Amino acid sequence: MSVSLEERFQGSLLGLAVGDALGGRFEAQSAEHLRQRFSGVESLINYVADEIWYTDDTQMTIALAEVLADQGEILEQPLCAAFVANYVPSRGYGRGARMVIEAMEEGEGYQAVASKHFPGGSYGNGAAMRVAPVGLFFHDNEARLLEQARQSAFPTHVHPLGIEGAQLIAAAVAYVTRSDEFKRDDFFRLLISHCQSEEYREKLAMASETTSIEQLAALGNGIEALESVPTAIASFALSPESYAETIGNVILLGGDTDTLAAMAGAISGAYLGVEAIPKRLLDRLEESPKGKAYLRNLASRLLLKY
Ligand code: F2R
Ligand code: MG
Ligand code: MG
Ligand code: MG
């Protein structure tokens, strides 16, 4: 398989946005309800008839990608400015993230809000859902990859489990961006070697043995990083050759469907390239000022700066 870097960068950003936008239709619904409505992934995708709109996951990813494309690295102040410039509350942010960004907007001490709103900081999946551009940009620079993923998490997520989730998604995106052939054992060995906590080490060991939808469901579908990052990674590894299966299988788990599909879609798109995203979905992705065409162009800008 030969996929160009441009196709991978575009595939990851658009794959994230499409997963987010499709999953956003079903956020917080139960797996039972979704399984009654849809017989499988194909019927889920065929259900989409009109425009699909992305949520905070893509909105914050755009902020990160803009900073990388402009600065060549994640720096705290430009990142905060980009979060504020891209802040559209109606996209549905986590409540902790909302408070931190509003403090940035007001010029107040956002660091204090980030570490005090939740005890020890947020372990939500908000840092992991937006980190894909770091994985793309530093895919061949292991020394900076994890440090930059941490840096991209910090303004809103200071809890170690929130940061580690972002580092693992960044490492997964980086690995597949370098790969022409998916080697499952290597992939999980590398990710497990990056784990700092026993919690993620255990979950990724489970993910490495996930070969069925039932096992995928057992990894979790929640808004916490630990309850969604391993699931998204496992869904990609379950169907590495299909973008549609990768995002469809996690959406059908219910729960935090937009974020599960955003993270899984970013990994799959980086591996398979933009052509692997079903035309039916990509055609319907929003055409707003920061919609489909902007994302494609942003991916190309990111590659030019890389
Ligand atoms: N927030 C949502 N969806 C909810 C509904 C939105 C609705 N449709 C609307 O229009 O308003 N989605 C987005 O939030 C998730 C990412 O969240 P993020 O950025 O991590 O935010 P936050 O608030 O920091 O963390 C999320 C929740 O996790 C729990 N939590 C985190 N740390 C905690 C701690 N230390 N102690 C206790 N609980 C903690 C809290 O419930 C947080 O609110 C994505 O799903 C994105 O799509
Ligand atoms: Mg969202
Ligand atoms: Mg979500
Ligand atoms: Mg470089």
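Everything quoted here is computed from the prediction, not taken from an experiment. (Residues numbered from 1 in each chain as written. Chains lettered and ligands numbered in written order. Predicted model: local features only at pLDDT ≥ 70, side-chain atom pairs only at ≥ 80, totals over all residues. Heavy atoms only, no water.)

**Section: the nonpolar core**
Membership of the largest hydrophobic core comes to 108 residues, with the highest contact counts inside it found for L22, V134, I169, F187, V229 and I233. The element that contributes the greatest number of residues to this core is helix 11 (residues 160-177), accounting for 12 residues. (Core = buried A, V, L, I, M, F, W, Y, C linked by side-chain atoms within 4.5 Å. Buried < 20%, exposed > 50% of the residue type's maximum accessible area, 1.4 Å probe, protein only. Helix = DSSP H or I, 4+ residues; strand = E, 2+ residues; numbered from the N terminus.)

**Observations regarding the environment of S152**
Following the sequence through the fold, S152 ends up in helix 10 (residues 142-153). Expressed as a C-alpha distance, the spacing of S152 and E76, which sit 76 residues apart in the sequence, is 7.8 Å. Excluding its chain neighbours within four sequence positions, the residues that come into contact with S152 are L64, I74, L79, F83, R130, V131 and V134. Within the structure, S152 has its side chain in polar contact with the backbone oxygen of A149 (distance 2.8 Å). (Contact = heavy atoms within 4.5 Å. Polar contact = N/O pair within 3.5 Å; in protein donor to acceptor, adjacent residues only side chain to side chain.)

**Focus: helix 4 (residues 56-71)**
With 16 residues, helix 4 should reach 22 Å at 1.5 Å per residue; the first-to-last C-alpha distance of 22 Å fits that figure. Most of helix 4 sits inside the fold, with 14 of its 16 residues counted as buried. Remark: G72 follows helix 4 within two positions and exhibits a positive phi of approximately 80°. (Expected span 1.5 Å × (residues − 1).)

**Some thoughts on the coordination of the magnesium ion (ligand 2)**
As a benchmark, a tetrahedral metal site with four donors has ideal angles of 109.5 degrees, while an octahedral site with six donors has ideal angles of 90 or 180 degrees. Looking at the magnesium ion (ligand 2), one finds its protein donor set to be T55 (OG1), D56 (OD), D57 (OD) and D258 (OD), positioned 2.0 to 2.3 Å from the metal centre. Read in sequence order, the donor residues coordinating the magnesium ion (ligand 2) give the pattern T-D-D-x200-D. (Donors = N, O, S within 2.8 Å, 3.2 Å for Na, K, Ca; no water.)

**What to know about the packing of helix 11 against helix 12 (residues 184-194)**
With their axes 10 Å apart at the nearest point, helix 11 and helix 12 run at an angle of 150° to one another. Considering only the axes of helix 11 and helix 12, their crossing is right-handed. Mapping the contact onto sequence places L168, A171, A172, Y175 and V176 in helix 11 and D186, F187, L190, L191 and H194 in helix 12. In terms of residue class, the contact of helix 11 with helix 12 is made up of 8 nonpolar, 1 polar and 1 charged. (Axes fitted to C-alpha atoms, helices over the stretch in contact; angles between N-to-C directions. Left-handed = near helix turned anticlockwise from the far one by under 90°. Nonpolar A, V, L, I, M, F, W, Y, C, P; charged D, E, K, R; others polar.)

**Here we look at the site of ligand 1**
Lining the immediate environment of ligand 1, one finds 23 residues, of which E27, G96, S122, H157 and D256 sit closest. Within the contact set of ligand 1, an oxygen atom lies 2.9 Å away from a side-chain nitrogen or oxygen of D57. Residue T259 places a side-chain N or O atom 3.0 Å away from an oxygen atom belonging to ligand 1. For ligand 1, whose accessible area on its own is 920 Å², the fraction buried by protein is 75%. Considering only residue class, the shell around ligand 1 consists of 7 nonpolar, 10 polar and 6 charged. (Near = heavy atom within 4 Å. Areas by Shrake-Rupley, 256 points an atom, 1.4 Å probe, with all protein chains shown as cover.)

**Re the pattern of salt bridges**
Summed over the entire model, instances satisfying the criterion amount to 12 salt bridges. In this structure, R189 and D186 form a salt bridge, with 3.1 Å as the shortest nitrogen-oxygen distance. With a gap of 3 residues between them, R189 and D186 both fall in helix 12, about one helical turn apart. You can call R189 exposed: its relative accessible area is 54%. With a shortest N-O distance of 3.4 Å, K292 and E287 are connected by a salt bridge. A residue is classified by how much of its surface remains accessible, and E287, at 57% relative accessible area, is exposed. (Salt bridge = Lys/Arg side-chain N within 4 Å of Asp/Glu carboxyl O.)

**Re the packing of aromatic side chains**
Within a pair of aromatic rings, the relevant descriptors are the distance that separates the centres and the angle that separates the planes. Scanning the model with the defined rule gives 14 aromatic pairs in all. On the basis of an interplanar angle of 80° and a centroid distance of 5.5 Å, the ring pair of F26 and F38 is categorised as edge-to-face. Of this pair, F26 sits in the loop between helix 1 (5-23) and helix 2 (31-37) while F38 sits in the loop between helix 2 and helix 3 (41-46), and the two are 12 residues apart along the sequence. Centre to centre, the rings of F137 and Y306 are 6.4 Å apart; their planes meet at 80°, and the pair counts as edge-to-face. Of this pair, F137 sits in helix 9 (residues 132-137) while Y306 sits in the segment after helix 19 (292-305), and the two are 169 residues apart along the sequence. Chaining the aromatic ring pairs together yields one cluster made of Y175, F182, F187, F188, F236 and Y271. (Phe/Tyr/Trp six-rings, centres within 6.5 Å; stacked < 30°, edge-to-face > 60°.)

**Some details on the side chain of T246**
Following the sequence through the fold, T246 ends up in helix 16 (residues 243-251). Polar contacts involving the side chain of T246 include one to the main-chain carbonyl oxygen of S239, which spans 3.1 Å.

**Regarding unusual backbone geometry**
As a rule of thumb, non-glycine residues mostly have phi less than zero, and peptide bonds are mostly trans rather than cis. Backbone geometry at A28 places phi at a positive 75°, although glycine is not the residue there. Among the structural elements, A28 can be located in the loop between helix 1 and helix 2. A residue is classified by how much of its surface remains accessible, and A28, at 68% relative accessible area, is exposed.

**What to know about a negative patch on the surface**
A surface patch of negative charge is lined by E102, E105, E106 and E108. The exposure class assigned to E108 is partly exposed, which follows from its relative accessible area of 48%. (Patch = residues over 30% accessible without salt bridge, like charges linked within 9 Å, V, L, I, M, F, W, Y side chains within 5 Å. Lys, Arg positive; Asp, Glu negative; His and termini not counted. Charge placed at Lys NZ, Arg CZ, Asp CG, Glu CD.)

**Side note on helix 19**
Counted at 1.5 Å a residue, the expected span for helix 19 with its 14 residues is 20 Å, and the 20 Å between its end C-alpha atoms agrees. Residues K292, L295, L298, A299, S300 and L302 constitute the buried set of helix 19. Turning to helix 19, the residues buried within the fold contact helix 1, helix 4, helix 9 and helix 18 (279-284).

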